Amino acid sequence: MKKFIVIITAAGLGIRLKEYSFEKYKKYLDKPLVEFLGKTLLHWSVKPMFPLVTAGIIEFSDIYLVIRKEQDYKAFKEECEKINRRINIVVIEKLTKGPGHTSLEALKLISKKRSITDRSIIILDSDHTFRCDSLLKYFKHDKSYNAFCTLKTVPNPDKWGYVIRNDQGEYISGEKDFLQQNENNRQRAEFLIGCYVYKDFSTLVKGITEFEAIRSEKVESHHSFILSLLSKSEDVISIQADWGIGLGTPEQLEETANSIISFSGNREPATFIIDIDGVIFKHDVGSFSDTGNFSEKPIPIKQNVDLINELFNQGCVIVLCSSRPKRILEKTKKDLSNIGLQYSEIIHGATSGIRYLINDRKPSNESIDTAIAVNSIRDKPFLVDKLSRIDFLRDCSKGSGAKTVVLKDFTNNFVFVRKWTVSSNKNVCMTLYKQYSYLQSLSKYISYSLPQILNWDFSSIGINYYDMSYLDAIQLNTDLLVSNPKYKTTLFNILSSLYEGSSFSNQYHSFNDLYKKIIEKKLNPSINNSLYELSPLIENYKEFIPTNFKENIIFKLNRLLGRDDIWGNHKSCLIHGDLTLENIFVQKNSLFLIDPLGSTMDIRMNGSMEQYTSPVFDIGKLMQSLISKYEQWAYLDNFEIDLFIRNFSIEEDKNQISNDLKYIEDIFSFYRQYISKDITFDSLFSLAQILIRVAPYRIRAGYRHSALVCLWKAYSIIEFLEEL
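This is a predicted model, so every value here is computed, not measured.

J.: Explanation requested: the pattern of salt bridges in the structure shown.
T.: Side-chain pairs of opposite charge can arise whenever the charged atoms involved come near each other. Applying the stated criterion across every chain, the model contains 39 salt bridges. With its nearest N and O atoms 3.6 Å apart, the salt bridge here joins lysine 82 to glutamate 79. Residue lysine 82 and its partner glutamate 79 are located together in helix 4 (residues 73-83), separated by three residues, close to a single helical turn. Classification of lysine 82 by relative accessible area gives exposed; the value is 61%. Given a relative accessible area of 7%, glutamate 79 falls into the buried group. Among the salt bridges present, the one from aspartate 653 reaches lysine 713, with a minimum N-O distance of 2.9 Å. Taken as a pair, aspartate 653 in helix 22 (residues 650-663) and lysine 713 in helix 25 (residues 704-723) lie far apart in primary sequence, 60 residues in all. Neither residue differs from the other here; aspartate 653 and lysine 713 are each classed as buried.

J.: Would you mind going over empty space enclosed by the protein with me for this structure?
T.: Where empty space is left becomes clear once a probe the size of a water molecule has been rolled over the atoms. Within this structure, the stated rule accounts for three cavities of 30 Å³ or more. Taken as a whole, the largest cavity holds about 60 Å³ of empty space. Taken together, eleven residues form the lining of the largest cavity, with Pro48, Pro51, Arg131, Cys132 and Asp133 sitting closest to its centre. The class makeup of the residues in the lining of the largest cavity is seven nonpolar, one polar and three charged.

J.: Just checking my understanding: could you explain the pairing of strand 13 (residues 243-246) for this structure?
T.: Every other side chain in a regular strand lies on the same face of the sheet, so the side chains alternate between the two faces. Judged by which residues are buried, strand 13 turns out to be covered on both faces: Trp243 and Ile245 on one side and Gly244 and Gly246 on the other are all buried. Bridge count between strand 7 (residues 128-131) and strand 13: four bridges; the pairing is antiparallel. In the strand pairing of strand 13, histidine 128 is matched with glycine 246.

J.: Which parts of the structure should I look at to understand the packing of helix 13 (residues 426-446) against helix 15 (residues 485-501)?
T.: In a packed pair of helices, the relevant descriptors are the angle between the two axes and the axis-to-axis distance. For the pair helix 13 and helix 15, interaxial distance at closest approach is 8 Å and the crossing angle is 105°. Comparing their axes, helix 15 and helix 13 come out roughly perpendicular. Together, Leu442, Tyr445 and Ile446 of helix 13 and Ile494, Ser497, Leu498 and Gly501 of helix 15 make up the contact between the two elements. For the contact of helix 13 with helix 15, the class distribution of residues is five nonpolar, two polar and no charged.

J.: What is the right way to read the packing of helix 8 (residues 201-214) against helix 9 (residues 223-230) from this model?
T.: Two elements in contact, helix 8 and helix 9, have axes whose closest approach is 9 Å; the angle formed by their N-to-C orientations is 95°. By the angle between their axes, helix 8 is roughly perpendicular relative to helix 9. For the pair formed by helix 8 and helix 9, the contact residues are Thr203, Lys206, Gly207, Ile208, Glu210, Phe211 and Ile214 on the first element and Phe225, Ile226, Leu229 and Leu230 on the second. Split by residue class, the contact of helix 8 with helix 9 holds seven nonpolar, two polar and two charged.

J.: Honestly, the packing of aromatic side chains in this entry has me stumped. Any pointers?
T.: Each aromatic ring pair is described using two quantities: the centre-to-centre distance and the angle formed by the ring planes. Under the criterion given, the structure shown has 32 aromatic pairs. Look at tyrosine 499 and tyrosine 674: their rings are 5.1 Å apart centre to centre, the planes differ by 75°, and that puts the pair in the edge-to-face class. Here tyrosine 674 lies in the loop between helix 23 (665-671) and helix 24 (679-700) and tyrosine 499 lies in helix 15, a separation of 175 residues in the sequence. Overall, tyrosine 499 belongs to the buried group, its relative accessible area being 1%. Given a relative accessible area of 2%, tyrosine 674 falls into the buried group. Here phenylalanine 648 and tryptophan 712 contribute two aromatic rings whose centre-to-centre distance is 4.6 Å and whose plane-to-plane angle is 55°, an arrangement assigned as tilted. Residue phenylalanine 648 is found in the loop between helix 21 (638-646) and helix 22, and its partner tryptophan 712 is found in helix 25; the two are separated by 64 residues along the sequence. Given the relative accessible area of 2%, tryptophan 712 is considered buried.

What counts, and where the lines are drawn
Residues numbered from 1 in each chain as written. Predicted model: local features only at pLDDT ≥ 70, side-chain atom pairs only at ≥ 80, totals over all residues. Heavy atoms only, no water. Salt bridge = Lys/Arg side-chain N within 4 Å of Asp/Glu carboxyl O. Helix = DSSP H or I, 4+ residues; strand = E, 2+ residues; numbered from the N terminus. Buried < 20%, exposed > 50% of the residue type's maximum accessible area, 1.4 Å probe, protein only. 1 Å grid on protein atoms, 1.4 Å probe; cavity = no way out; pocket = protein on both sides within 12 Å on 5 of 7 lines; lining within 4 Å. Points joined across faces, edges and corners; volume = space filled by probe spheres on them. Nonpolar A, V, L, I, M, F, W, Y, C, P; charged D, E, K, R; others polar. Pairing = 2+ DSSP bridges. Axes fitted to C-alpha atoms, helices over the stretch in contact; angles between N-to-C directions. Parallel < 35°, antiparallel > 145°, perpendicular 65-115°, else oblique. Contact = heavy atoms within 4.5 Å. Phe/Tyr/Trp six-rings, centres within 6.5 Å; stacked < 30°, edge-to-face > 60°.

Laid out in structure tokens, this is it:
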């Protein structure tokens, strides 16, 4: 197997991202040290090499980061050690004529410490990341290549570097002038993702020499240009990547940060363990035949041979496993060679009994099975849809019991959402199953505004989950809802269809006893438990928190128990149950409601989602967004929420409540169909009890500061109610 040296060039000026880092972090950072979604660009640029490390093609000690003498060596060293301590740093004296010369200078220094003449060279930019399973296909052999790593299509081609191959096999390269090319060239173009391969050091030297002979002073020694020059005299290929993103400009960083991508994704290619007889060859009784021998000319199952070769060319590991005796191993290899099958390993002597595949679940990808069994029909093609290449894209969990992730099936180029939990988490499993079932119930009334259920599995082992269609949409926010009548009308129509369609009797019912039971059985215990958990935090902020806060919140809440006019006349129906703006998505002119929890806040019938209850819980959840501004502070980091707490004022918050109520009068007007008497009091109390009940979830999710804010805002609401 060919060996490699990997060069990551980080010795440029990176002016645009230095300015970006100053705006974001108040300090200038070298481009590779700028953070993106929790990892530095350096870490993102090394990530594509992980599958090569796994396959033994490279080791971390083969990776060299190149910086200039005046750059912050200590900062780069610390970052390299976070990735792997064996990564090397090469320091060159000064800025060069371009990336090609930077790589050349670095390799000259490396050659003084180790021999590199027998190694191919991989050059990586430090402002791209990608996944290229095909690299494994090319690099597993002893043959050397000169290559670009490319994407066939990109969303904004005019902003990318590109290469175009002509009929003679030669390349031309360009940078951000793609739209100026003629139609023929645009059809042939492939886009660069910052990975270049030279078959050896001498080829790079040759390319630099040719560049020097024709360059102008204004042209930097980009590898795209050097490899294009080499293609006139050397074989140069393009290796197409599965996907890739540019991270070199502030615009790219901001745009990609809002897309569905995660460092935990970018999975490595799969391993397939495949039987031979009945899957690759028509089944042969072999040792049980009259002659005791296997057929001299076994008959291949062409569809399976073609599929296995395709998987191998994608970089997958193909392990053939057979109960054939070890004595005929060489014959089997010859038969496989005759039909052109490509594979990685072959095992003879396995039993013909059941074969178990046991694999640990990956911590970074817990929502995806790492062991999949396909039981094919003998001598028939095995089903491709069972071999989906599912990859993790993004974690959208919000700190509650079940987790929410965005996944992509690369076999079908299909993105979907999975809500899941481990089967051992029985209470959450039950809630997840109830939610799945409740979505099916809601679809009777508002199917047009719910994500589609695609798949599900609730079992005693592994993970419990249901999959939904992915919405290419944005969250509804306060500004959109308050300022745009279209969205309010659409939301009211959806809720009206749900409430009217599921109305219990279209009569008003008293929920007064329910609100009292909620105080006694849910709110008082929740406050006590939360206050106990938050005691150290409350002590830290005692100068900012009202005197006797802990005693007064319980006292003021229990004083409401004496009132018989709260939640007196409401219509009974099915509800969404978690109608915050986080759970309402805008897709063009349509709204979609996600993550319903039904009547779980109604403590009757053990909080069943499907019992009929009051829409007061829904308006309370809307007010969680519109009055308490939950989304603005619930997910702040400790530094930001510390400032929020220090600047919080009960009096200012009560004044803000009074002002905000004016802006949601049309929402009150809609809900007066279902909540009579004092809708302001009823809905504000609903909001207060929701915030109190949310606090323990924030504590369990590690957001203790926001749990304190939940209680504090509930306190100000209760004081506001006392003054009504």
